[in-house]
Amino acid sequence: LNRHYFALPTNPGEQFFMFCTLAAWLITKAGHPFEQPQEYDDPNAIISNVLSELRSFGRPVDFPPSKLKAGYGEQACYVLDCLAEEALKYTGFSWKRPAYPTEELEEEEITEDDAELTLNKLEEDVVEEESDNEENFIDLNVLKAQTYRSDMNDSAKQEEILQSTTDAAEWNLEVERVLPQLKVTVRTDNKDWRIHLDQMHQHKDGIESSLKETRGYLDKLHNEISRTLEKINSREKYINNQLEHLVQEYRSAQALLSEAKEKYQEGSGGVTERIRVLSEITEVLERVKQETEEKGSSMTDGAPLVKIKQALTKLKQETIQMDIQIGVMEHTLLQSKLKEKSNMTRDLHATVIPEATVGAY
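Quick notes on the rules
Numbers given to residues run from 1 along each chain, matching the order in which its sequence is written. Only residues with pLDDT of 70 or above have their local features reported here, since the model is predicted, and side-chain atom pairs are shown and tallied only from 80 upward, although totals for entire chains, interfaces and linings are computed over all residues. Hydrogens and water are ignored here; the side-chain numbers use all heavy atoms of the structure. Secondary structure elements follow DSSP: runs of H or I of four or more residues count as helices, runs of E of two or more count as strands, with numbering from the N terminus. When accessible area is computed with a 1.4 Å probe and restricted to protein chains, residues below 20% of their type maximum are described as buried, those above 50% as exposed, and intermediate ones as partly exposed. Contacts between residues were defined by any pair of non-hydrogen atoms, one from each residue, lying within 4.5 Å. Here the Shrake-Rupley method, with its probe set to 1.4 Å, supplies the accessible areas, and only the displayed protein chains count as covering residues. Throughout this description, the term salt bridge denotes a Lys or Arg side-chain nitrogen within 4 Å of a carboxyl oxygen of Asp or Glu. Here the aromatic set is Phe, Tyr and Trp, taking the six-membered ring for Trp, and pairing holds for ring centres within 6.5 Å; pairs whose planes are under 30 degrees apart are stacked, those over 60 apart are edge-to-face, and all others are tilted. Put simply, a patch holds well-exposed residues, over 30% relative accessible area, that have no salt bridge, with like charges counted together within 9 Å and Val, Leu, Ile, Met, Phe, Trp or Tyr side chains within 5 Å. Definition of nonpolar core: a set of buried residues of the types Ala, Val, Leu, Ile, Met, Phe, Trp, Tyr and Cys, connected through side-chain atoms within 4.5 Å. To define axes, lines are fitted to C-alpha atoms, for helices over the stretch in contact only, and angles between the resulting N-to-C directions are given on a 0 to 180 degree scale. Roughly parallel covers angles under 35 degrees, roughly antiparallel covers those over 145, roughly perpendicular covers 65 to 115, and oblique covers all other angles. Two helices that cross are described as forming a left-handed crossing if the nearer one is turned anticlockwise from the farther one by less than a right angle, and a right-handed crossing if clockwise. Residues are grouped as follows: Ala, Val, Leu, Ile, Met, Phe, Trp, Tyr, Cys and Pro are nonpolar; Asp, Glu, Lys and Arg are charged; every other residue, Gly included, is polar. Neither His nor the chain termini are counted; the positive set is Lys and Arg, and the negative set is Asp and Glu.

Q: I tried to follow the overall build of the protein on my own but got confused; where do I start?
A: Each helix and strand counted, the protein has nine helices and zero strands in total. Secondary structure elements in the protein, listed N-terminal to C-terminal, are α-α-α-α-α-α-α-α-α. Residues classed as buried in the protein amount to 12% of the 361 residues present. If you take every contact in the protein between residues at least 6 apart in sequence, the share linking residues at least 24 apart comes to 62%. Approximately 31,500 Å² of the protein is accessible, and the part contributed by carbon and sulfur atoms is 57%.

Written out as structure tokens, the structure reads:
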């Protein structure tokens, strides 16, 4: 069923049967056992049963039952809606917050920024520089290792050397000879993090300078808005004071309107109850009329009389046949009696005559 099945007329008979079936199923779901209607049941009885179940749930029915015979319309949708709500209440259904699916953000392709400096690249660059300048410069790691070893050796000597015996002139010559090899050069490019740090400081200074100018404008705007709000509040107070009597009149009129609405609802409730009683009486009257029509049609029907006449004629024919058979049997019995009587007289004469002749001799 589509969502507009019971709203628009398509096939009244099919829609009415589907409405009754769905209403019975919802009533059963709501905890009241209800027999599923059949296709050839009385529609008035089905509608009255459905409306009585709906009233038992405490739902108001302010429309005649004949509105539901079409199987569509506002009343049918209202009945199905109320029954569905009662079924959901009985099953303990509760609405929950909708769970929206989490949208997975597409993984952004991380483009390699040439301006960023990673530790691996820095190590590679240092290794390359060391390999390129291996002839002219001293390896820093080797120098650190040597320094560490020398420190360890110095600490292990337990302060054996208390006074240096090295000549200052020879020390200066050695320093001048080794000085070019101690030079460490770092190539500055866009990958250096120091450049990014300088840019961050520059941007910070720019933001602070812009913020100083912008803060003045924002303070000015804030002052103007606060003054405007104060003016609005004062005007509101003035208007409320001026229109206080009108507001009181409006409230009193609203109270009268609410009382009139309550009276109207009470009157409309009585009217709807009387309309419901009238509809029930009309339904009973229709059923009585239908029963009287059926009885009248059965009384005026001549089929039973024809059957009786046919049965009487058949009985007459059977009676005639039985009379004929009785006559034949009586005639046969009479012939047998006469024949028996003649035989008896003949036998009697035959036995008597010889005895007389014997007595004569």
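Q: Looking at this model, I keep getting lost on the pattern of salt bridges. Mind explaining?
A: Opposite charge on two side chains permits them to pair, given that their charged atoms come into close proximity. Tallying each qualifying case throughout the model produces five salt bridges. A salt bridge links E86 to R59, with the shortest nitrogen-to-oxygen separation between them at 3.2 Å. With E86 in helix α3 (residues 74-91) and R59 in the loop between α2 (43-56) and α3, this residue pair connects regions lying 27 residues apart in the sequence. Overall, E86 belongs to the buried group, its relative accessible area being 12%. Accessibility expressed as a relative area gives 19% for R59, which makes it buried. We note a salt bridge from E280 to R276, for which the minimum N-O separation is 2.7 Å.

Q: So what exactly am I meant to see when it comes to the packing of aromatic side chains here?
A: Note on aromatic pairs: each is described by the distance of the centres and the angle between the planes. Across all of its chains, the model carries three aromatic pairs by this definition. Where F6 meets F19, the ring centres are 6.5 Å apart and the plane angle is 70°; that geometry is what we call edge-to-face. On the criterion of sequence distance, the pair formed by F6 in the segment before α1 (12-29) and F19 in helix α1 is long-range, its members being 13 residues apart. Taken individually, F6 and F19 each receive the classification buried, so the pair is uniform in this respect. Judged by centre distance (6.3 Å) and plane angle (85°), the ring pair of F63 and Y78 falls under edge-to-face. Pair noted here: F63 is in the loop between α2 and α3 and Y78 is in helix α3, with a separation of 15 residues, a long-range link. A relative accessible area of 10% means that F63 is categorised as buried. Classification of Y78 as partly exposed rests on a relative accessible area of 28%.

Q: Teacher, can you tell me more about a nonpolar patch on the surface here?
A: A cluster of nonpolar side chains, contributed by Y238, I239, L243, L246 and V247, occupies part of the molecular surface with about 450 Å² of accessible area. Where the nonpolar patch is concerned, the elements lending two or more residues are α7 (193-242) and α8 (244-299). Take L246: it is sitting in helix α8. Assessed through its relative accessible area of 42%, L246 is described here as partly exposed.

Q: Can you help me understand the nonpolar core in this one?
A: It is characteristic of soluble globular proteins that their nonpolar side chains tend to be buried jointly. Core analysis: the largest hydrophobic core is formed by 26 residues, its most contacted members being F19, V50, L68, V79 and L83. Those elements that provide at least two residues to this core are α1, α2 and α3. Per element, the largest residue contribution to this core is seven residues, and it comes from α1.

Q: I keep staring at the packing of α1 against α3 and nothing clicks. Help me out?
A: Each pair of packed helices can be described by the angle between their axes along with the distance between the axes. Between α1 and α3, the shortest axis-to-axis distance is 8 Å and the interhelical angle comes to 25°. If you check the angle between α1 and α3, you find them roughly parallel. In this structure, α1 crosses over α3, and the sense of that crossing is left-handed. In this structure, α1 contributes F19, L22, A23, L26, I27 and K29 to the contact, and α3 contributes A76, V79, L80, L83, A84, A87, Y90 and T91. Split by residue class, the contact of α1 with α3 holds 12 nonpolar, one polar and one charged.

Q: I'm lost on the side chain of E283 in this one. Help?
A: Among the structural elements, E283 can be located in helix α8. The charged side chain of E283 is buried without a salt bridge, its nearest counter-charge being R287 at 4.6 Å. Excluding its chain neighbours within four sequence positions, the residues that come into contact with E283 are S48 and P65.

Q: Mind showing me how you'd approach the packing of α1 against α2 here?
A: Across the interface, α1 lies against α2 with an axial gap of 11 Å and an inter-helix angle of 35°. At the point where α1 passes α2, the crossing takes the left-handed sense. Residues F16, C20, A23 and I27 of α1 touch α2, and the partners they reach there are P43, I46, I47, V50 and E53. Tallied by class, residues from the contact of α1 with α2 come to eight nonpolar, no polar and one charged.

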